[in-house]
Amino acid sequence: MKYDRFINDKNKDLISFVKTKYHVRVKKSNRDSWTSEIKGKQVIIGALECNHPYAAFAHELLHVKYQIMGYKKLKFGISEFDKTDYFKTLMEALDNELQHHIMYDEFIKLGFKPEEFYHDNDYKNKSSIEIYLNGNEHDLKSSLLMFLTIIAPGGCFSNKEQSDFLNKLKDLEKGIHKQLFQDSEQLFHTWSKSTDYDYKEILTNLFLKLPNGNITWLGHGDKSEFPENGFFIEKEFVMKPTEK
Ligand SMILES: [Zn+2]
């Protein structure tokens, strides 16, 4: 797909920067949002029809730019905190949101609007947050994913809505996880100012606050790269045969 139609004055320097390192290819996204992937010498951007294509293209290029500048994707992990598919979902959310927090300021500096930061279907998040906060079941694992969605920078809700959601989340279940979310909010704030894009410290601090989170390994590649291509939160361990 020709991508000239996604380039404008706001993102033209960004595409030039990415092209110094990778060949950029754009194809139709097979998901319900724009995507980007680095494969060898290529960057493959998955595009969709949307209301603000220049911003969406810039968003994906920023994901790539910060990987060029040192951010290593979070791809596979093992943890005593959770042994189910949930952990994969948590890793994907963390990887995505960690990147969003470091690239958001630049997105705004390029001249885009906060509400252009995500794809058109971002409004769905708002109702899913409301349904969760007003519902009856609030376990730590679901609340943690909700927390990542609420504190994500930019998007369709105002600062006031964001802080209202966050306060509601902190007060769920008589405030049992209030401290955790307060501390985590601070961790993400510090992270958003990171200059080396190494999340080892923030994620170590975060996982140490989770039940059994100290027994966790987080990796940048696949299973076979355990334990070299990644890091332990606290204790070192070996992979059980069932996890291999
Ligand atoms: Zn993104």
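In what follows, the structure referred to is the one given above.
Residues numbered from 1 in each chain as written. Predicted model: local features only at pLDDT ≥ 70, side-chain atom pairs only at ≥ 80, totals over all residues.

1. Side note on the packing of helix H5 (residues 140–151) against helix H6 (residues 159–175)
Using the following cut-off: What counts as an axis is a line fitted to C-alpha atoms, over the stretch in contact for a helix, and the angles between N-to-C directions run from 0 to 180 degrees. A run of DSSP states H or I qualifies as a helix once it reaches four residues; a run of E qualifies as a strand once it reaches two. Both are numbered from the N-terminal end. Oblique is the label for any angle not under 35 degrees, not over 145, and not in the 65 to 115 range, which are roughly parallel, roughly antiparallel and roughly perpendicular in turn. Take the far helix as your reference; a near helix turned counterclockwise from it by less than a right angle gives a left-handed crossing, and one turned clockwise gives a right-handed crossing. Once C-beta atoms have been placed from the backbone, residue pairs whose C-beta atoms lie within 7 Å are recorded as contacts. Each residue is assigned to one of three groups, with Ala, Val, Leu, Ile, Met, Phe, Trp, Tyr, Cys and Pro labelled nonpolar, Asp, Glu, Lys and Arg labelled charged, and all others, Gly among them, labelled polar.
Packing of H5 against H6 leaves a shortest axis separation of 10 Å and a crossing angle of 165°. As far as their axial angle goes, H6 and H5 are roughly antiparallel. Every pair of crossing elements has a handedness; the one defined by H5 and H6 is left-handed. Side by side, H5 and H6 meet where Ser143, Met146, Phe147, Ile150 and Ile151 of the first sit next to Gln162, Phe165, Leu166, Leu169 and Leu172 of the second. Each residue belonging to the contact of H5 with H6 can be placed in one class, and the counts come to 8 nonpolar, 2 polar and no charged.

2. A few points about the nonpolar core
In plain terms, the rule: By our criterion, buried Ala, Val, Leu, Ile, Met, Phe, Trp, Tyr and Cys residues that link up through C-beta atoms within 7 Å make up a nonpolar core. Here exposure depends only on C-beta density: within 10 Å of a residue's C-beta, 20 or more other C-beta atoms make it buried, 12 or fewer make it exposed, and intermediate numbers make it partly exposed, the C-beta atoms being placed from the backbone.
Among the nonpolar cores identified, the biggest contains 25 residues, and Phe147, Ile150, Leu169, Leu203 and Phe207 are the most heavily contacted of them. Going through the elements one at a time, helix H3 (86–109), H5, H6, helix H7 (178–192) and helix H8 (200–208) are the ones with two or more residues in this core. Take this core: its biggest share by element is 5 residues, from H5. Residue contacts for isoleucine 150: discarding those within four places in its chain leaves Ile129, Gln162, Phe165, Leu166 and Leu169.

3. Comments concerning the sheet that holds strand S5 (residues 216–219)
Stated precisely, the cut-off is as follows: Note: two strands are recorded as paired if DSSP finds a minimum of 2 bridges between them.
Pairing within the open sheet is antiparallel, and its 3 strands lie in the order S4-S5-S6. Strand pairing shows two members of the sheet lacking a second neighbour, strand S4 (76–79) and strand S6 (230–232), which therefore form its edges. Neighbouring strand axes in the sheet, compared pairwise and without regard to direction, differ in orientation by 5° on average. Where S5 lies against S6, 3 bridges are found, and the strand directions are antiparallel. Residue pairing in the sheet places leucine 218 in a bridge with phenylalanine 231 of S6.

4. Description of the sheet that holds strand S3 (residues 42–47)
Judged by pairing direction, the sheet is mixed, and its 3 strands sit side by side in the order S1-S3-S2 without closing on themselves. Among the strands making up the open sheet, the edge pair consists of strand S1 (23–28) and strand S2 (35–39). The average angle at which neighbouring strand axes cross in this sheet is 20°, direction not considered. Sheet analysis places S2 next to S3, joined by 5 bridges and oriented antiparallel. Across the sheet, glutamate 37 pairs through a bridge with isoleucine 44, a residue of S3. Sitting on the sheet, helix H2 (residues 53–68) is in contact with S2 and S3, with an inclination near 35° to S2.

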